[in-house]
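Observations on the three-dimensional arrangement
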Amino acid sequence: MATPLPPLRRATLLLVAVLVGVLASTARADLVISRADRRVDLTSHIVRVLASLKVENVGPDPVSQVLLSFPNIQAKNLAAIRAFGTEGKVKGPSTVLPIEIVEPSGAPPELTFFSALLHKPLEKGKILHLDVLTVFTHSLQSFPEEITQAEAQLVVYQDSAHYLSPYPVKVQSLAIRLPGGRVESYTRHPSAKLVDSELKYGQFEDLPPFSYLPIIVHFENNHPFAVAKEIIREIEISHWGNVQITEHYNIAHGGAKLKGEFSRIDYQSRPYVRGVSSFRNLIARLPPRAHSIYYRDEIGNISTSHLWSDSKKTQLEIEPRFPLFGGWQTTFTVGYGLPLQDFVFYSDGKRFLNITFGSPMEEILIEKLIVKVVLPEGSKDIEVSAPFPTKQWQEVKLSHLDIVGRPVVVLEKPDVIPEHNLYFQVYYKFNSISLLREPLMLITGFFLLFAACIVYMRTDMSISKSSPSYLAKLQWDEVQATVQKIQGIFEQCLAVHDKLEASLRDLSRTGDIQSCKAARKAADAQFKELSKELKPLLTSLQASPQSYQIWPKVEELITKEREMQEKLMARHSTVVDSFEKKLRGQDVENRIALQQQKIAALRQEVESLLEYISEI
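Just so it is clear, the structure is predicted and the values come from calculations on it, not from any experiment.

The amide bond that connects F143 to the next residue, P144, takes the cis arrangement and shows omega of 5°. Mapped onto the elements of the fold, P144 is located in the loop between β9 (141-142) and β10 (146-147). The peptide bond linking G202 to Q203 adopts the cis configuration, its omega dihedral lying at 20°. Within the secondary structure layout, Q203 lies in strand β15 (residues 198-207).

So, in structure tokens, the structure goes:
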């Protein structure tokens, strides 16, 4: 039995109830939309809507703006809106129209209005072809909200089959492009038609202003729901010929959350069945001459990446250490260098950086993007030109060979989408003579170093071999040599421990009990041999007056390691005995659970003591 869809949102119902009556007063009678065709793209988790409008002025006065209306429940998720217009009966080359948010008189609180400002007023009887692109985030609701590893991801999209406009619409249609896969359900209407992966409504004729027909579509969408909680993008300019980009990512899967356990075996054997809702790679399109590219996380370099480049682009495919299911997240860093001459230019006495604002990752939603532009030390008269509003401030970064630090321009913007990946500019003044500052500092430093070496070589700083300080140094050197040998023996003991662990893994895989017993017998012999080697070293160390600081830690290390030996041998014997009795795997785990915890704790203590002794 199919799961019922969630009810339409309360705001939608309010719109249906009040729009026709209350909003009629806000409609402009001088404009009529003779045709409205909308295309909604639902192939990814970022919803794009392109409305192609044919607007006609039927009033007596010229009109300088066209109003665009959206329900608040949609407007709060509106990440970008752009309008392109051209006047004439036949649609020609379009120009970008400025967009601003407005509040018409008598407008109800249920709607948000934008105004597309025309470059010249639309005269009576004239026709304007207007294309409006809107991009929405968080508009696809996972339903169900939790799924298992083997289930596909289903989402719900809600909209209106009628174009919500403050003007009457003569003819209109709606086409919804789906990502393929199955469609669970959609709002039925006499004009609705589902063909392949496209759902169409209309055409509708002679609709009044603010006509609204709620629809809901429930469909499968396994496209990567890549949501970056935060990206910090640092762009560092060096006038020695390089622009270094460093991007720190915190990415999550924003789709339906994973319910139940994750099976790595099932995923690797059938990833497109037992992990269809997950994603395991991301594509970054870098500039064509990007170089010195790296990809790492907190653990270190990640080798699961692929790079393709040609004269037009450099494509980097990165694969995190684990696949991302709904609710999972990961952090990593991507860095690369760019040629200075491709992105920094000179004009009107100023240099300026011209580079894209957003992330090079495809189809990623960035909830918070911070762009830091690190300018060379000595830069001044800094100005920023961005294609959209951003929060801006300045910082100072101290790096190698800096004196006062480098000025940093910081830009911050929420809800960044691929449409925001536009060029922005940072203008600044920089004196080329400042480039000589660091080389002169290096030359001076090397000169002082060589001078100090000459003075040192000509000074007799020898210490008498009969002095107490010299004798104490010899004793300490002996202590250090002894401690190093002791460390080597304990590291061999840990290696024997690892062999015991390996024999248990082989036992669970092959069931060869005799080989496992032989491994334990060999380990016991090795422990005895290492104990014999350790005994004279401990006697020598204890007798040295210089070992008063390190001897207590060595004693503690001996105690912990011997206790761990006993626990390991006991656990090994327990597991072998359980296999001989043919006990179930869960029973074996229960018998050795406490021993396993104690061994892990002792192993950590032994390794910490070895590290502490090494530092001393």
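Having put the structure on the table, let's press on.
This brings us to helix α5 (residues 468-510). The end-to-end C-alpha distance of α5 is 63 Å, a good match for the 63 Å that 43 residues give at a rise of 1.5 Å each. Positive backbone phi, approximately 75°, marks G511, located one or two places after α5.

It is worth spelling out the pattern of salt bridges at this point. Under the counting rule described, the total for this entry stands at 31 salt bridges. Put simply, D37 and R35 hold a salt bridge, and the shortest N to O gap is 3.0 Å. Between K397 and E236 there is a salt bridge, and its shortest N-O distance comes to 3.6 Å. Taken together, the residues K397 in strand β29 (residues 391-397) and E236 in strand β17 (residues 226-238) connect sequence positions 161 residues apart. Of the residues examined, E236 reaches a relative accessible area of 18% and is grouped as buried.

Moving on, we come to the pairing of strand β27 (residues 365-374). The element β27 is largely enclosed, with a buried count of seven among its ten residues. One ladder, built from eight bridges, connects β17 with β27; its direction is parallel. Looking across to β27, one finds that I232 is bridged to I370.

Conventions adopted
Residues numbered from 1 in each chain as written. Predicted model: local features only at pLDDT ≥ 70, side-chain atom pairs only at ≥ 80, totals over all residues. Heavy atoms only, no water. Helix = DSSP H or I, 4+ residues; strand = E, 2+ residues; numbered from the N terminus. Expected span 1.5 Å × (residues − 1). Salt bridge = Lys/Arg side-chain N within 4 Å of Asp/Glu carboxyl O. Buried < 20%, exposed > 50% of the residue type's maximum accessible area, 1.4 Å probe, protein only. Pairing = 2+ DSSP bridges.

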